[in-house]
Amino acid sequence: MTPLTYDVVVIGGGMAGFTSALYLTGQGYKVAIISKGDPVCCLSTGCIDVLSSDKNPLDGIPGLSRDHPYHLVGKKGITDALNFFKRIMQDTPIPYSGTPRKNRTILTPIGTAKTTCLVPMTMAGSETESDTYIHVISFKGLKDFFPSYITSGRRNIRFSLYDAGTSSTIGIATLFEDKSFRREFISWIQNLELPHGKVAFPAVLGIRNPLKILTEISDQIGREIFEIPTLPPSIPGLRLFRTLKSSFIKSGGDNYWGKVIASVESQGDQIEAVTLKSPGRPSRVPGKAFILSTGSFVSGGLYATRNTVKETVFDLPVFVPGTRKDWFKEDFFQAGHAIETAGIKVDSSFRPVNTRFGNLFVSGSILSHAEIMKNHCGHGLAIATGFRAAKICEEFLS
Ligand SMILES: Cc1cc2nc3c(=O)[nH]c(=O)nc-3n(C[C@H](O)[C@H](O)[C@H](O)COP(=O)(O)OP(=O)(O)OC[C@H]3O[C@@H](n4cnc5c(N)ncnc54)[C@H](O)[C@@H]3O)c2cc1C
């Protein structure tokens, strides 16, 4: 299966890595993705946060810190990247709704409003402000979704519970793939004789074809329907990851999943290959160019030791905000945590600074100064920088 040399080897199969890889296979390049595991995307709502501070997410960019990676991509670059993402998703079972220039709010599983930008079509009808009647359907025993929180404090909203015989999000989503389950479920809703308005579900309407399932239920009950994401891990995030992975394979890319890199071969300023740990002889994956998208601490692209932070594939220099006493806090997920600025600093060509490698590009949440939790720019940043790194890589190859 391995060609003599890949044009591009992408390391890390998350939003950033898949964006780069799909752009490059689309341009006819031979691309491999190496990933040691599933990405953070599987925990996410599947919604694409770009920047939550303003009505138009792009208006918030000038207010970001001077070193934020969005400045290297620019407003046009971010718009092009998000439009590219929308185009890829358009031909899949999970098309997206929205425009890069407009934030919107969607309902959360605890009844608050989340600001985001692009959303799966199944969430497009989410209402957070209007007085439209909403009937929330939940499932007996389902954790990670709180209909009583959603209905409390809001007028014109009620909920009902269905006993699906299982209470996990994945278990219920799997049941929705089954036609006879859907038939029984639909006849139960029809018997509720709901008032006019919308019907909301936790995001469990199937795994492979949620929009088709939602449309079928909507047509049969005669009501507009939307999904509300559950707490992580969340089915829409899993749908997004699986869809990107299968789109990449369909586009002709090679996939080394569950693989750990054992060593890196380089000559002068060029990386020539990485070798993968395997039970027998290590396998060698050669490339003309490499894109590093291994994510931050959660995925293991960065690793904190007692006194410093390491990059786990090439041992690149990592920007760290001062000494440990400046960045250590018990609660890692606290927005504005100083360690959120840690990561790889790149120049305007997305090459890591202070390294000798000329054919290595870096993208996604491993970049320094992204501050994803503070800025709410997770998938947006991964898509924008993944797209930009791929375009620069293309120029390098030509
Ligand atoms: C709980 C949670 C919920 C979130 N919800 C949202 C949301 O709703 N919307 C949003 O926009 N953002 C959300 N985010 C942020 C967003 O998910 C991430 O910022 C974004 O997906 C990061 O993408 P990435 O490609 O940079 O990295 P990752 O998703 O971290 O992917 C990196 C990949 O690299 C692989 N890898 C790591 N080390 C190595 C190695 N040494 N060798 C090979 N492979 C390696 C990993 O296995 C992984 O597959 C959420 C984050 C969390 C933690």
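Here the structure is a predicted model, which is why all the values come from computation and not from measurement.

> Whenever I open this one, the domain arrangement of the protein chain confuses me. Can you help?
It is common to report an interface's size as the accessible area lost on association of the parts. Partitioning the protein chain into structural domains gives domain 1 (6-96 + 238-397) and domain 2 (109-228). The straight-line distance from the C-alpha centre of domain 1 to that of domain 2 is 33 Å. The interface is formed by 17 residues belonging to domain 1 together with 14 residues belonging to domain 2. For the side of domain 1 that touches domain 2, the elements supplying multiple residues, two or more each, are helix 2 (70-90) and helix 7 (235-250). Looking at side-chain class alone, the side of domain 1 that touches domain 2 contains 10 nonpolar, four polar and three charged residues.

> Got a minute to help me understand the site of the ligand in this structure?
Residues in close proximity to the ligand total 39 residues, the closest being Gly12, Gly14, Gly295, Gly364 and Gly378. If you list the elements that add at least two residues to the shell around the ligand, you get helix 1 (15-26), strand 2 (31-35) and helix 10 (378-397). Here the shell around the ligand gets four residues from one element, more than from any other, and that element is helix 10. Looking at the shell around the ligand residue by residue, the classes come out as 16 nonpolar, 20 polar and three charged.

> I would appreciate a short explanation of unusual backbone geometry in the present structure.
Apart from glycine, the bulk of residues carry a negative phi angle, and the bulk of peptide bonds sit in the trans form. For the peptide bond that leads from proline 232 to proline 233, omega is -5°, which places it in the cis range. Backbone geometry at asparagine 354 places phi at a positive 60°, although glycine is not the residue there. Inspection of the secondary structure assignment puts asparagine 354 in the loop between helix 8 (324-327) and strand 17 (360-362). A count of 8 C-beta atoms within 10 Å places asparagine 354 in the exposed class. In this model, histidine 369 sits at a positive phi of 65°, which is unusual for a non-glycine residue. Exposure remark for histidine 369: the 20 C-beta atoms within 10 Å place this residue in the buried category.

> Got a minute to help me understand the packing of helix 1 against helix 7 in this structure?
Axes are the key here: two packed helices are described by the angle between their axes and the distance separating the axes. Relative to each other, helix 1 and helix 7 sit at 25°, their axes nearing to 10 Å. In this view, helix 1 runs roughly parallel relative to helix 7, as classed from their interaxial angle. Seen along the crossing, helix 1 lies across helix 7 with a hand that is left-handed. Taken together, the residues of helix 7 that come into contact with helix 1 (itself represented by Phe18, Ala21, Leu22 and Thr25) are Leu244, Ser247 and Phe248. Looking at the contact of helix 1 with helix 7 residue by residue, the classes come out as five nonpolar, two polar and no charged.

> In this structure, what is going on with the nonpolar core? I would like to understand it.
Soluble globular proteins tend to pack their nonpolar side chains together in the buried interior. Core analysis: the biggest nonpolar cluster contains 106 residues, and Val8 and Val9 have the highest contact counts within it. The element best represented in this core is helix 2, accounting for nine residues. Counting contributing residues per domain, this core is built from domain 1 (6-96 + 238-397) and domain 2 (109-228), each supplying no fewer than three. In this structure, valine 8 is in contact with Leu24, Tyr29, Val31, Gly287, Ala289, Ile291 and Cys393, ignoring residues within four places of it in sequence.

> Quick question: what am I supposed to make of the environment of glycine 171 here?
Mapped onto the elements of the fold, glycine 171 is located in helix 4 (residues 169-176). Between the alpha carbons of glycine 171 and isoleucine 33 there is a distance of 30 Å; along the sequence they are 138 residues apart.

> Before we go on, may I ask you to explain the sheet that holds strand 9 (residues 198-202) in this structure?
Hydrogen bonds along the backbone pair up the strands of a sheet, which may run parallel or antiparallel. Strand order in this open sheet of four strands is 8-7-9-10, and the pairing throughout is parallel. With partners counted over all chains shown, the strands left at the sheet margins are strand 8 (157-162) and strand 10 (224-228), one partner each. Between one strand axis and the next, the sheet turns through 25° on average, direction left out of account. Sheet topology note: the strand 9/strand 10 ladder contains five bridges and is parallel.

> How should the pairing of strand 4 (residues 104-107) be read in this particular structure?
Here is the key point about a regular strand: its side chains alternate between the two faces of the sheet. With four bridges connecting them, strand 4 and strand 5 (residues 113-116) associate as antiparallel partners. Its bridge partner being in strand 5, isoleucine 106 is matched across the sheet by lysine 114. The hairpin formed by strand 4 and strand 5 contains five residues between the paired strands, and glycine 111 there has a positive phi angle of roughly 90°.

What counts as what
Residue indices begin from 1 for each chain and proceed along its sequence in written order. Given that this is a predicted model, residues contribute local features only at a pLDDT of at least 70 and side-chain atom pairs are listed and counted only at 80 or more, while totals for whole chains, interfaces and linings are drawn from all residues. Note that domain bounds follow an automatic or database assignment of domains. Each residue gets a C-beta atom placed from its backbone, and two residues are in contact if those atoms lie within 7 Å. The secondary structure listing takes helices from DSSP runs of H or I that are at least 4 residues long and strands from runs of E that are at least 2 residues long, numbered from the N terminus. Think of it as three bins: nonpolar holds Ala, Val, Leu, Ile, Met, Phe, Trp, Tyr, Cys and Pro, charged holds Asp, Glu, Lys and Arg, and polar takes everything else, Gly as well. The criterion for a residue being near a molecule or strand is a backbone-placed C-beta atom within 6 Å of that molecule or strand. Three exposure classes are used, based on other C-beta atoms lying within 10 Å of a residue's own C-beta, which is placed from the backbone: buried for 20 or more, exposed for 12 or fewer, and partly exposed in between. To obtain an axis, a line is fitted to C-alpha atoms, over the contacting stretch when the element is a helix, and the angle between two such axes runs from 0 to 180 degrees between their N-to-C directions. Comment on the angle field: the value is read as roughly parallel under 35 degrees, roughly antiparallel over 145, roughly perpendicular from 65 to 115, and oblique elsewhere. By the definition used in this description, the sense in which the near helix is turned from the far one sets the handedness, with an anticlockwise turn below a right angle giving left-handed and a clockwise turn giving right-handed. As used here, a nonpolar core is made of buried Ala, Val, Leu, Ile, Met, Phe, Trp, Tyr and Cys residues. They are joined through C-beta atoms within 7 Å. Should DSSP find at least two bridges between two strands, the strands are regarded as paired.

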